Amino acid sequence: MTVTVVIGMQWGDEAKGKIVDLLAKDYDYIVRFNGGANAGHTIKVADKKFGLHLIPSGVFYPEKFKIIGNGVVIDPETLLKEIEDVERSGYSMKNLIISDRAHIILPWHKIMDGIEDEKSGIGTTKRGIGPAYMDKSSRINAVRVADLLDETALKEKLGQIARLKETQIRTYGQEARFDVPKIFNELMLFKKKTHGYIHNTAYVLQDAVRDRKNILLEGAQAVLLDVDHGTYPFVTSSNTITGAACVGSGLPPRHIARVIGVVKAYSTRVGGGPFPTELNNDTGDRIRQKGAEFGTTTGRPRRCGWLDIVALKYACIVNGIDDLVLMKIDVLDGIEEIKVATAYQIDGKKTDQFPSSRLAEAEPIYTTFKGWGTLTSHDWDKIKKDKKIPPQMKHYLDFISKELNTPISMLSFGPERDQTISLL
Ligand code: IMP
């Protein structure tokens, strides 16, 4: 038995989906434990691209159990659409398991998200994630998957919450009228279609542990978007770090054997908030174009910048990373000088600690590396065959690994499954 957690090390979009999809073949259970349809995985299988938001990335292994854990907030419409899309492409969803403790995103969450985001400037995905987690914490205005089972109580609850939300929205100077029977009917349709999938995932995982199964826990978003440990308030509303894998699934921490940190060879961030190594210049544009750095969920252009060792060291310590997977190294092809931030200067003082506030004032101190030119697919075939990384690239990888005191186990140089090299 082995239990592995896969975590994004930056501000999300590290291409974790590709890695989870690759690793999934060796696991029996793939578990999503946080976030909602704010996340987006693009997975390429047999020339077809799938954009998934809620279903775990191991979806293309029909025999594996795919769990949407209690820590996830579920948008019923999005989930139904994903199930239909995947099934239409010929992949069975029979082993999908949805936690009865997961919370449900309702129409008012999306409206509130839009209104509140205008005020905060966080630049959320407007998928209702923040308001849904707020209602979860409020304990009175939330609907969980388990609530779908008692139809009379649900109808009454929805009516009460809808009126409350209409009043709240009015205090923001806007009008909304929620059609409760329609919302109820949509939830009943969701219940009908997902009926066989709903379980308490703590028991499912307890059985998996008893049977010595392999479990892969897949994080959405990333460390720097964690509501406690990220660049608050410019974060998402859930915990995204390793610890959240247990909270959001019901699996006890002592079973975790390995934590893999997925890191892009440069940094990106989408939405507002400080980003010390951001490149507002041609190099940033070049990285965005070459790396296709546009949001899977919202299509927004991602902000691009150099790798940030200060942030990554912090990501390693709060997650307990065992090994790193370095993604999209090919995107840095052809750049003559590649930089990496190794410290910040704040108020004239040098620090190698990631600050809890005033990150916007941090001036990065860079180490510069010579680029490795442009590698063709022929070059990569040879690198794969000989397991010999070109010297300049090796220098870059060794530096990252040494600074973070963590080995790089895999290197990815494109979206395809075979554009990956194992380095250990
Ligand atoms: P929310 O999660 O929609 O509330 O958005 C809060 C912040 O997290 C915004 O800056 C979003 O752009 C960012 N965010 C949420 N999910 C993702 C993701 O999957 N990738 C990258 N950024 C994300």
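Keep in mind the model is a prediction, meaning the values are calculated, not measured. (Residues numbered from 1 in each chain as written. Predicted model: local features only at pLDDT ≥ 70, side-chain atom pairs only at ≥ 80, totals over all residues. Heavy atoms only, no water.)

The number of helices and strands found in the protein is 12 helices and 20 strands. Its C-alpha radius of gyration of 22 Å places the protein within 12% of the 22 Å reference for a compact globule of 424 residues. Judged by the C-alpha coordinates and their principal axes, the protein covers about 65 × 50 × 40 Å. For the protein, buried positions account for 56% of its 424 residues. Put simply, of all contacts in the protein between residues at least 6 apart along the chain, 74% involve residues at least 24 apart. In the protein, the 58 positive side-chain charges and the 54 negative ones have mean positions that sit 2 Å from each other. (Helix = DSSP H or I, 4+ residues; strand = E, 2+ residues; numbered from the N terminus. Rg over C-alpha atoms; globule rule 2.2 N^0.38 Å. Buried < 20%, exposed > 50% of the residue type's maximum accessible area, 1.4 Å probe, protein only. Contact = heavy atoms within 4.5 Å. Lys, Arg positive; Asp, Glu negative; His and termini not counted. Charge placed at Lys NZ, Arg CZ, Asp CG, Glu CD.)

Take the site of the ligand next. Taken together, 15 residues lie near the ligand, and Asn38, Thr125, Thr236, Val270 and Arg300 sit nearest. For the ligand, an oxygen atom lies 3.4 Å from a polar atom in the backbone of Gly123. Between the ligand and the protein, one listed contact pairs an oxygen atom with a backbone N or O atom of Val270 at 3.0 Å. When the ligand is considered free in solution it has 470 Å² of accessible area, and contact with the protein chains removes 97% of it. Residues belonging to the shell around the ligand are distributed by class as follows: 6 nonpolar, 7 polar and 2 charged. (Near = heavy atom within 4 Å. Polar contact = N/O pair within 3.5 Å; in protein donor to acceptor, adjacent residues only side chain to side chain. Areas by Shrake-Rupley, 256 points an atom, 1.4 Å probe, with all protein chains shown as cover. Nonpolar A, V, L, I, M, F, W, Y, C, P; charged D, E, K, R; others polar.)

Let us look at the domain arrangement of the protein. Domain parsing of the protein yields domain 1 (3-99 + 200-259), domain 2 (103-193) and domain 3 (263-422). Spacing between the C-alpha centres of domain 1 and domain 3 amounts to 23 Å. Summing the contributions of domain 1 and of domain 3, the shared interface buries around 3000 Å²; its carbon and sulfur component is 57%. Where domain 1 meets domain 3, there are 3 salt bridges. Between Asp13 and Arg302 there is a salt bridge, and its shortest N-O distance comes to 3.2 Å. At the boundary of domain 1 and domain 3, one finds 17 residue pairs in polar contact (both at pLDDT 80 or more). Of all the secondary structure elements, the ones that give two or more residues to the side of domain 1 that touches domain 3 are helix 1 (16-23), strand 3 (41-45) and strand 11 (258-264). Tallying contributions element by element places helix 1 first for the side of domain 1 that touches domain 3, with 5 residues. Here the side of domain 1 that touches domain 3 is built from residues that sort into 18 nonpolar, 10 polar and 6 charged. (Domains from an automatic or database assignment. Buried area = accessible area lost by both parts, 1.4 Å probe. Salt bridge = Lys/Arg side-chain N within 4 Å of Asp/Glu carboxyl O.)

With that out of the way, let us pick up the sheet that holds strand 7 (residues 96-99). With mixed pairing, the 10 strands of this open sheet are ordered in space as 9-7-5-2-10-1-11-15-19-20. Lying at the two open borders of the sheet, with one neighbouring strand each, are strand 9 (198-199) and strand 20 (420-422). One ladder, built from 5 bridges, connects strand 11 with strand 15 (residues 323-327); its direction is parallel. For Lys264, the partnering residue across the bridge sits in strand 15 and is Met327. Strands strand 2 (29-32), strand 5 (65-68), strand 7, strand 9 and strand 10 (215-218) of the sheet are contacted by helix 7 (residues 201-210), whose axis makes an angle of about 145° with strand 5. (Pairing = 2+ DSSP bridges. Axes fitted to C-alpha atoms, helices over the stretch in contact; angles between N-to-C directions.)

This part takes up the nonpolar core. Residues Ile215, Ile329 and Tyr396 are the most contacted members of the largest nonpolar core, which totals 58 residues. Here this core takes 6 residues from helix 12 (residues 391-404), the largest share from any one element. Composition of this core by domain shows at least three residues from each of domain 1 (3-99 + 200-259) and domain 3 (263-422). Apart from the residues lying within four places of it in its own chain, the contact partners of Tyr396 are Ala265, Leu307, Ile329, Leu332, Ile338, Val340, Phe369 and Trp372. Core analysis: the second largest hydrophobic core is formed by 43 residues, Ile68, Trp108, Leu187 and Tyr197 among them. (Core = buried A, V, L, I, M, F, W, Y, C linked by side-chain atoms within 4.5 Å.)

As a further point, take the packing of aromatic side chains. Aromatic ring pairs: the centre-centre distance and the angle between the two ring planes describe each pair. Under the definition given, this model contains 10 aromatic pairs. Taking the centre distance of 4.8 Å and the plane angle of 75° together, the rings of Phe60 and Tyr91 count as edge-to-face. In this pair, Phe60 is assigned in the loop between strand 4 (48-52) and strand 5 and Tyr91 in the loop between helix 2 (76-88) and strand 7, connecting sequence segments 31 residues apart. For the pair Trp372 and Tyr396, a centre-to-centre distance of 5.8 Å together with 50° between the ring planes defines the contact as tilted. Separated by 24 residues along the polypeptide, Trp372 in the loop between strand 18 (363-370) and helix 11 (377-386) and Tyr396 in helix 12 bring together distant segments of the chain. Here the aromatic residues Phe369, Trp372, Tyr396 and Phe399 are joined through ring pairs into a cluster of three or more. (Phe/Tyr/Trp six-rings, centres within 6.5 Å; stacked < 30°, edge-to-face > 60°.)

Moving on to helix 12. In this model helix 12 runs 20 Å from its N-terminal to its C-terminal C-alpha over 14 residues, within 8% of the 20 Å that 1.5 Å per residue would give. Residues of helix 12 that are buried include every one of Met393, Tyr396, Leu397, Phe399, Ile400, Ser401 and Leu404, and no others. Backbone geometry just downstream of helix 12 places Asn405 in the positive-phi region, at approximately 55°. (Expected span 1.5 Å × (residues − 1).)

Further remarks concern the pattern of salt bridges. Within the structure shown, the criterion is met by 30 salt bridges. In this structure, the salt-bridge partner of Arg417 is Asp21, at a minimum N-O distance of 2.8 Å. Taken together, the residues span a long stretch of sequence, with Arg417 in the loop between strand 19 (408-412) and strand 20 and Asp21 in helix 1 at a distance of 396 residues. Given the relative accessible area of 33%, Arg417 is considered partly exposed. Across the pair Arg358 and Glu361 runs a salt bridge, and its minimum N-O distance is 2.6 Å. With relative accessibility at 38%, the residue Arg358 sits in the partly exposed group. Residues joined by salt bridges that share partners form a network here, namely Asp13, Lys264, Glu293, Arg302 and Lys328.

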